[in-house]
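# Analysis of the macromolecular model
The lines below spell out each chain.
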Amino acid sequence: MLLGIDVGGTHTDAVLVGAEGLLAWAKAKTNRTDLLSSIREVLGRIVPEAGAGRISRLNLSTTLSTNAIVEGLTEPVGVFVVSGPGIDPAAYSIGEHYRVIPGCTDHRGRITSHLDLAAAREHAGACRRAGVSVYACVGKFSPRNTDFEETLKELVHPQADFVTLGHEFSGQLGFGRRVHTAAFNAAVWRVFNRFADAVQRCAVSLGMSARVNILKADGGTMPLSMSRMFPVESILSGPAASVMGIMAVCDIQEDSVILDIGGTTTDIALFADGAPLTSPEGAVISGRPTLVRALKTRSIGIGGDSAISLVDGQVRVGPRRLGPAMCEGGQTPTLTDALNVLGAADLGDTAASRRGLNELAAKHNTDGPTLAQDAALAAVTSIRAAVIDLTRSVNDRPVYTIYELLEGKRVTPKRVYVMGGPARAMSGLLAEAFPEEVFVPESYAVANAIGAALSRPTLSAELFADTQRGRMLIPGLDVEESVNGSYKLEQAEADAARHLRGYLEHLRIPDPDALVETVEAQSFNMVEDDMLVGRSIRVKCQIRPGVLPGYRKAVGCRC
Amino acid sequence: MLKARNSLGVVFFPAFDWAISPTHPERQERLLYTQDQLREEGLFDVAGIREYKPDLARVPDVDLAHFTFPDVEHVVTNSHLVSAGGAMRAARLVMEREAERAFALVRPPGHHAMSVVHGTRGFCTINIEAVMVEYLRERYGVRRIAIVDTDCHHGDGTQDIYWHDPDVLFISMHQDGRTIYPGTGFPYELGGPTAMGATCNIPLLPGTGDQGFLHMLDHVVMPLLERFKPEIVINSAGQDNHFSDPITNMAFSAQGYAELTRRLGAQIAVLEGGYSIQGALPYVNLGICLAMAGVDTSNVREPDFDPERVKQEKRITEYTESLADQLLEYFTAPPALPKHGRVEGEWFVRDKEIHYDTDSIFERQLEKVRMCGECGGTVVIESRAGSDPVCLAVRIPVGACPECVKKGHEVFELGQRSRNYRRAMLVDRPGKSVKRVLI
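Here goes a summary of the coordinates provided. If you're wondering where the values come from, they're calculated on a predicted model, not measured in any experiment. (Residues numbered from 1 in each chain as written. Chains lettered and ligands numbered in written order. Predicted model: local features only at pLDDT ≥ 70, side-chain atom pairs only at ≥ 80, totals over all residues. Heavy atoms only, no water.)

### Side note on the nonpolar core
Put simply, the test is: Note on terminology: a nonpolar core comprises buried Ala, Val, Leu, Ile, Met, Phe, Trp, Tyr and Cys residues joined through side-chain atoms within 4.5 Å. Whether a residue is buried, partly exposed or exposed follows from its accessible area with a 1.4 Å probe, protein chains only, as a fraction of its type maximum: under 20%, in between, or over 50%, in that order. Secondary structure elements follow DSSP: runs of H or I no shorter than four residues count as helices, runs of E no shorter than two count as strands, and numbering proceeds from the N terminus. By definition, residues are in contact when any of their heavy atoms lie within 4.5 Å.
Within the largest apolar cluster, 158 residues are counted, with the highest numbers of intra-cluster contacts made by Met208 of chain A together with Phe103 and Ile202 of chain B. It is helix α5 (residues 175-205) of chain A that contributes the most residues to this core, 16 residues altogether. Beyond its immediate chain neighbours, meaning those up to four positions away, Ile202 of chain B contacts Ile171, Ser172, Met173, His174, Met216, Val220, Val221, Leu327 and Phe331 of chain B. Counting 47 residues, the second largest nonpolar core, distinct from the first, contains Ile402 of chain A together with Val131, Met132 and Leu136 of chain B.

Here it is in structure tokens:
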């Protein structure tokens, strides 16, 4: 049996899934100052029911790292940055112990100016005196040559509890993102590890021997042991859990839109060819772009608690959220109240909803039902506009070959899946607004936790080979090998896939069903003075996010 | 986080699946390291800088800029339509105010492609700036346009297309034509009789560095722009003046390019040549993008940059300064008629020989412009490529006077009946029509 827990901003949801289907679920209010207590509460309700010994796996989606970063509850990090010429690295400055160390690596990974060890030692000394004990070392083009980062690690290691290096996250380029990712990772390392310890103790105390995995923003999981080294990868996993939930309960094959309508926002995600689309660059947190892989989602400020207002005769919904709906004791009429008035929902004190809409309507020479109708229409129109915009931006993404430009795949959604609190109430209105078919899956209320329970490991690897220099690297997997002049694209593709599988085994999460797909494979002839001098080969492969096929049938419902 | 002072759209299209030939400078690898550098620097994470994909130019877009023989489909491949479409996308970004500035970082380039196109010359088949300029005029009604070509090679194609156009100011700064391809671009090339001074050529000595370029920019280019008062300034941003370029002899640096871009302040830039793909392009393109966006560029330089090595010699500085003074005077008070050519009745006639180095085609032209005194004048070209039959091309320009419109149609009709030509093409801009006939 599989246990899934999604610790969200408001609620903590848990489900227990067996081969027979959804066996149990629990919902609790999230205690934001003590997430563990919320986890303990749902575990306490579900585990005794199932029997601790029968739970083989616990997948956990938690806002811990996200909250720590957003709320600044992290510890100071000593950041060593080797930039060389280019955009002024002051732009990425983070925290009070950020220092640029002279040295330069170029785009091919050639060292063009040596690392200034004296400057590095000086910064290490200053950090030590300031009591800093976690560090991030990041070099420009470090995925092409990891030397500077490794040297800095050796230097700072003796005084550190934890050192994180930029190239360990990804082979993807993006120096500023690498700086942010590594610095955040070091900053949440201690708080996350304390949390991980507590989760493990809690599981043990309940008699569980399940393997524990942590959810990531790309809809995949990583083992708890790995998350201890890469805690930043656990950020923003909540929306991903919801998307994976829909994927689990509905057998999505066609290009589709997922709408997760919450209290404050509606999150939009897209599926193409049966898999959720990932953002090509990485997640943004606290205004800083990172290399953390994430699903491509868009959030707009429309949800059940979004306030209704009239501006110049135009009815608006959101983006302000003014407390709960009037039917739940709030002061301002919201979208939920409008749905109550229209009879689409029957939530709480519906009389309060009617009163609120009528009062607001009277101020603007209209009546409650008309205002409710206009508000609901405004909400679905905005949602539809955002869906169109997101689809267009996906189809307009830059491509780099003539073939892709002329023949490239376009996403054309055929279905819209709706989940979240107001999903059922809004389905009729959405069906009118969208030309695509609209579905509300039956078990939508805990789909996020189902998504968490059934998610599988994801992993990606970027291989870079330069046959003139005789090097092949897969930075995220810590692979560096010599290659000779005859090394070709086909070998590189095979190597990338082999190392990716090998890494899964190393993590002791081998997944025989995992489909390793090559998403990019390019080989460029390098020419100097009219002579072919080598090849620059780039391969990217990944294990796509997916749900366990065996359980998918069990939780499937009519969609 | 960094923020752009001017919002910038970069239309980046490296055409990773297209080359003239495997080891040709115009090959798949050309913008690979530029892409690496821009990604690693996080250019598109700077608030206000966004990456776009190109539009696709269509045959009617090409027809406004070129007479193609036998026809567009035979001469032009999808790569050229994408590249021209990239320049058009840049124009659309600026005209529709999606971005204040735009840079078409695309290949293949275009500035050696002339008015008549039989094939590829100087790595160029169609002139992507010209296709864009005609798009600006046709779609957005822009009238006065300035093109500043900072490629190391004379932009002879762009010059040829706008030779008779008084509304397009073409300024080219380049390595002296006596020392490099295509061997033209001398100050006396000032435009046709109806557009004298709307073409300005600034030849620079081999070895000219940042100092010389910026001196010419400040003392010649900027005053010319000031006088012309264009509605829009376009930079043909070739990058082969770089000290590391393998096929040229100049000493310009990434810092110099960034500073030139900043001072010029062009709304649209279009990549042209530049073949030091590892040592120059990554840094020069970064410098140009940041400068266009108004972001600090003081830390942008080549890893091997040594100011002493690329310092301009004293004799070059002296030559540049004295030439600058003479040129501005010459350009602003040009002679009445071009140096080459002759008056035949109401027509000004010149003979031209054009060599297509890339495609090994030799073309002879007889080009006539009507000196009506009212407009740019209808242009008539008889062109013969190698031993192919003679082609007739007639262009009635934007804003043509009624007499020139009448004359253009007359020449086209007579030409078809004369049995002198195999193919004929008429571009009637006021009448918004393009005709092609096979006789």
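### Concerning the pairing of strand β14 (residues 266-272) of chain A
Residue and element names in this part refer to chain A. Here is the rule we go by: Strands were regarded as paired on the criterion that DSSP finds at least two bridges between them.
For β14, the tally of buried residues reaches seven of seven residues, placing the bulk of the element in the interior. Side-chain alternation along β14 places Thr266, Ile268, Leu270 and Ala272 on one buried face and Asp267, Ala269 and Phe271 on a second face that is also buried. Examined bridge by bridge, strand β13 (residues 256-261) and β14 share six bridges and lie antiparallel to one another. The residue of β14 that forms the bridge with Ile261 is Thr266. Taking the residues that link successive antiparallel strands as the turn, the β13-β14 hairpin has four residues.

### Description of the sheet that holds strand β13 (residues 361-370) of chain B
Residues and elements named next belong to chain B. Threshold: With axes taken as lines fitted to C-alpha atoms, and helix axes fitted only over the stretch in contact, angles between N-to-C directions fall between 0 and 180 degrees.
If you trace the seven strands from one edge of the open sheet to the other, you get β11-β12-β13-β14-β15-β16-β17, paired in mixed fashion. Of all strands in the sheet, those bounded by a partner on one side alone are β11 (342-344) and β17 (433-438). Put simply, the sheet's adjacent strands are angled 20 degrees from each other on average, direction ignored. Sheet analysis places strand β16 (residues 423-428) next to β17, joined by six bridges and oriented antiparallel. By the bridge assignment for β17, Asp428 is matched with Ser433. Against the sheet, helix α11 (residues 402-417) makes contact with β12 (347-356), β13, β14 (379-385), β15 (391-396), β16 and β17, and its axis sits at roughly 165 degrees relative to β15, the strand it touches most.

### What about the sheet that holds strand β2 (residues 11-18) of chain A?
Residues and elements named next belong to chain A. Read from one edge of the open sheet, six strands run β3-β2-β1-β4-β11-β12, paired in mixed fashion. Taken across any chain shown, the strands that pair with only one partner, and hence form the sheet edges, are β3 (21-29) and β12 (221-223). Each adjacent strand pair in this sheet contributes to an overall mean axis angle of 20 degrees, direction not counted. Pairing of strand β1 (residues 2-7) with strand β4 (residues 57-61) involves five bridges; the strand directions are parallel. What sits directly across from Gly4, in β4, is Asn59.

### A few points about unusual backbone geometry
Residue and element names in this part refer to chain B. Residue Pro70 is reached from Phe69 by a cis peptide bond, and omega for that bond is 0 degrees. Its place among the elements puts Pro70 in the loop between β3 (67-68) and α3 (72-75). Here the bond from Arg107 into Pro108 is cis, since omega is 0 degrees, no more than 30 degrees from zero. By secondary structure assignment, the location of Pro108 is in the loop between β4 (101-106) and β5 (116-117). Residues other than glycine seldom take positive phi values, yet Ala15 does so here, at roughly 45 degrees. Along the chain, Ala15 turns up in the loop between β1 (3-13) and α1 (32-41).

### So, the environment of Leu405 of chain A
Checked against the element boundaries, Leu405 of chain A lands in helix α11 (residues 402-407). By relative accessible area, Leu405 of chain A is classed as buried at 15%. Separated by 214 residues in sequence, Leu405 of chain A and Val191 of chain A have C-alpha atoms that sit 46 Å apart. The contact partners of Leu405 of chain A, leaving out residues within four places of it in the chain, are Val399 of chain A together with Phe13, Lys53, Pro54 and Val82 of chain B.

### Digging into the layout of surface pockets
Residues and elements named next belong to chain B. Rules: Buriedness of a pocket was judged along seven lines, with at least five required to meet protein on both sides within 12 Å; pockets are open sets of points on a 1 Å grid over the protein atoms alone, cavities are sets where a 1.4 Å probe fits but cannot get out, and lining residues have an atom within 4 Å of a point. Grid points are joined across faces, edges and corners, and a volume is the space filled by probe spheres set on the points. Residue type decides the class: Asp, Glu, Lys and Arg count as charged, Ala, Val, Leu, Ile, Met, Phe, Trp, Tyr, Cys and Pro as nonpolar, and the leftover types, Gly among them, as polar. Those domain boundaries reflect an automatic or database domain assignment.
A volume near 560 Å³ is recorded for the second largest pocket. Looking at the second largest pocket, it is lined by 25 residues, and the ones nearest its centre are Gln159, Thr184, Glu189, Arg350 and Lys352. It is β12 that provides the largest number of residues to the lining of the second largest pocket, a total of six residues. Split by residue class, the lining of the second largest pocket holds nine nonpolar, seven polar and nine charged. Per-domain counts for the lining of the second largest pocket show at least three residues from each of domain 1 (3-332) and domain 2 (342-438).

### Re the packing of aromatic side chains
Spelled out, the test is: Pairing of aromatic side chains here covers Phe, Tyr and the six-membered ring of Trp, requires ring centres within 6.5 Å, and sorts the geometry by plane angle: under 30 degrees stacked, over 60 edge-to-face, intermediate tilted. Placement of a positive charge over a ring is assigned whenever Lys NZ or Arg CZ falls within 6 Å of the ring centre and within 35 degrees of the normal to the ring plane.
Tallying each qualifying case throughout the model produces 16 aromatic pairs over all chains. Aromatic side chains Phe162 of chain A and Trp189 of chain A sit 4.9 Å apart centroid to centroid with 5 degrees between the ring planes, which places their arrangement in the stacked category. In this pair, Phe162 of chain A sits in strand β10 (residues 162-165) while Trp189 of chain A sits in helix α5, placing the two residues 27 residues apart along the sequence. For Phe162 of chain A, a relative accessible area of 6% gives the class buried. If you follow Arg144 of chain A out to its NZ or CZ, it ends over the ring of Phe464 of chain A, 3.9 Å from the centre. The ring of Phe228 of chain B carries Arg144 of chain B above its face, with NZ or CZ at 3.9 Å from the centroid.

### Some remarks on a negative patch on the surface
Going by this rule: Note on patches: the residues involved have over 30% relative accessible area and no salt bridge, like charges join within 9 Å, and the nonpolar side chains Val, Leu, Ile, Met, Phe, Trp and Tyr join within 5 Å. Only the protein chains shown count as cover for residues, with accessible areas throughout obtained via the Shrake-Rupley method and a probe of 1.4 Å. Salt bridge criterion: a side-chain nitrogen from Lys or Arg within 4 Å of a carboxyl oxygen from Asp or Glu. Here the positive residues are Lys and Arg and the negative ones are Asp and Glu; neither His nor the chain ends is included. Every charge is mapped to an atom, namely NZ of Lys, CZ of Arg, CG of Asp or CD of Glu.
A cluster of acidic residues, Asp147, Glu150, Glu154 and Asp478 of chain A, forms a negative patch at the surface. On the secondary structure map, Glu150 of chain A appears in helix α4 (residues 147-156).

### With respect to the pattern of salt bridges
All names here are of chain B. Within the structure shown, the criterion is met by 57 salt bridges over all chains. Its salt-bridge partner being Glu138, residue Arg429 comes within 3.1 Å of it at the nearest N-O pair. Placement of the pair is Arg429 in the loop between β16 and β17 and Glu138 in helix α5 (residues 128-140), with a sequence separation of 291 residues. On the accessibility criterion, Arg429 (8% relative accessible area) is buried. According to the relative accessible area criterion, Glu138 is partly exposed, its value standing at 31%. Here the salt bridges share partners, and the residues they tie into one network are Glu134, Arg137, Glu138, Asp165, Arg429 and Lys432.

### Some remarks on the side chain of Ser83 of chain B
All names here are of chain B. Our working rule: Definition of a polar contact: a pair of N or O atoms within 3.5 Å, with one able to donate and the other able to accept a hydrogen when the atoms are protein atoms, and with sequence-neighbouring residues admitted only if both atoms are side-chain atoms.
Here Ser83 lies in helix α4 (residues 78-95). In this structure the side chain of Ser83 is engaged in a polar contact, spanning 2.6 Å, whose partner is the backbone oxygen of Pro108. Ser83 has contacts with Val106, Arg107, Pro108 and Ile128, leaving out every residue within four places of it along the chain.

### Some remarks on empty space enclosed by the protein
Counted under the stated rule, the structure contains five cavities of 30 Å³ or more. If you add up the space inside the largest cavity, you get close to 240 Å³. Along the walls of the largest cavity sit 16 residues, with Phe169, Met226, Glu233, Leu459 and Ser460 of chain A positioned nearest its centre. Here the lining of the largest cavity takes three residues from strand β23 (residues 459-466) of chain A, the largest share from any one element. Residues that form the lining of the largest cavity fall into these classes: seven nonpolar, three polar and six charged. Counted as a void, the second largest cavity has a volume near 80 Å³. Along the walls of the second largest cavity sit Ile87, Tyr92, Gly176, Arg177, His180 and Pro289 of chain A together with Met1, Leu2, Glu41, Gly42, Asp45 and Val46 of chain B, which together make up its complete lining.

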